[in-house]
Amino acid sequence: MAEEQQLRLDVEELRHLESIAKRPRVLSLLSSEIRNLDAKLSKVTAAVAAAAAQPSVSAQKAPAAVSALNYVTLGSFSWDQDNDKIKLYVFLEGVQEGKMETVFKPMLVDIKFHDVQGKNYRFSVPKLNKEIVPGKCKVVVKPTKVIVTLFKASKGNWLDLHFKEDKLKPGLDKDKNPMAGIMDLMKNMYEEGDDDMKRTIAKAWSDARSGKTADPLRGYP
């Protein structure tokens, strides 16, 4: 911008000198220099105009940082099933289909509801009781609830929606001492049993440790 202004002032002064010059040689020199400065001024003016049309890097608005969204966990739901599928009923009003984010995996369901009356909600079952078919699962939005349909990978009845390890199943394998598996089974039965069971197992356990019997479950009904 300063260079453009200086060139304009030089041209104006040379034109003034040209207007008062008398000698042909001086007039010719002044005219030639004015043409040179005019050409240079045109280039500088064009460059300034091009720069003004594009905002500088410093003037560009930096993209806003993406902040992590906060979600309210949805715990109010019910479910039922038939031989082929599971239906989940998530009770939430004001859900918009275009503002849902759904993730279905063989053992996982994760659904996010954005901008529901100013809040974000999340419904998730991180580990299902059994496998589902992700590609067949679907979500239907109703005025007061959301219905999630999960298709079972294998037909049959689910005892629970969530995965639960079978505590009564002894963790035996071919390389493990069978007695160790029996002791694990007794421990699980003791933890799950009532007072009478606990007394019976405690006595059997004590007898086994003292060598009175090789079978810790002998005598247990």
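Residues numbered from 1 in each chain as written. Predicted model: local features only at pLDDT ≥ 70, side-chain atom pairs only at ≥ 80, totals over all residues. Heavy atoms only, no water.

**Digging into the environment of Glu-33**
By secondary structure assignment, the location of Glu-33 is in helix H2 (residues 24-53). Given a relative accessible area of 36%, Glu-33 falls into the partly exposed group. (Helix = DSSP H or I, 4+ residues; strand = E, 2+ residues; numbered from the N terminus. Buried < 20%, exposed > 50% of the residue type's maximum accessible area, 1.4 Å probe, protein only.)

**Section: the nonpolar core**
By size, the foremost hydrophobic cluster in this structure holds 24 residues, and its most contacted members are Val-95, Val-109, Phe-113, Phe-123, Leu-128 and Leu-150. Elements with a minimum of two residues in this core: strand E3 (85-90), strand E4 (100-105), strand E5 (108-116), strand E6 (119-125) and strand E8 (146-151). Broken down by element, this core gets its largest block of residues, four residues, from E5. Beyond its immediate chain neighbours, meaning those up to four positions away, Phe-113 contacts Leu-74, Leu-92, Val-95, Lys-99, Met-100, Lys-119, Asn-120, Tyr-121, Phe-123 and Val-146. With nine residues, the next largest nonpolar core counts Leu-14, Ile-34, Leu-41 and Val-44 among its residues. (Core = buried A, V, L, I, M, F, W, Y, C linked by side-chain atoms within 4.5 Å. Contact = heavy atoms within 4.5 Å.)

**Comments concerning the sheet that holds E8**
An order of E2-E3-E8-E7 is seen for the four strands of this open sheet, with the pairing classed as antiparallel. In this open sheet, the two strands that pair with only one neighbour each are strand E2 (77-81) and strand E7 (138-141). The sheet shows a mean angle of 20° between the axes of neighbouring strands, direction not considered. Here E7 runs beside E8; their pairing, made up of four bridges, is antiparallel. The partner of Val-139 across the bridge, within E8, is Val-148. (Pairing = 2+ DSSP bridges. Axes fitted to C-alpha atoms, helices over the stretch in contact; angles between N-to-C directions.)

**Side note on the pattern of salt bridges**
Pairs can form between side chains of opposite charge once their charged atoms are near each other. Going through the model one piece at a time under the given rule, you end up with six salt bridges. The salt bridge partner of Asp-84 is Lys-155, with a shortest N-O separation of 3.6 Å. Within this pair, whereas Asp-84 is found in the loop between E2 and E3, its partner Lys-155 is found in the loop between E8 and helix H3 (178-192), the two being separated by 71 residues in sequence. Look at Asp-84 and you get partly exposed, because its relative accessible area is 34%. On the basis of relative accessible area, Lys-155 is assigned to the exposed category, the value being 64%. Residues Lys-164 and Asp-160 are paired through a salt bridge, measuring 3.1 Å at the closest nitrogen-oxygen approach. With relative accessibility at 60%, the residue Lys-164 sits in the exposed group. (Salt bridge = Lys/Arg side-chain N within 4 Å of Asp/Glu carboxyl O.)

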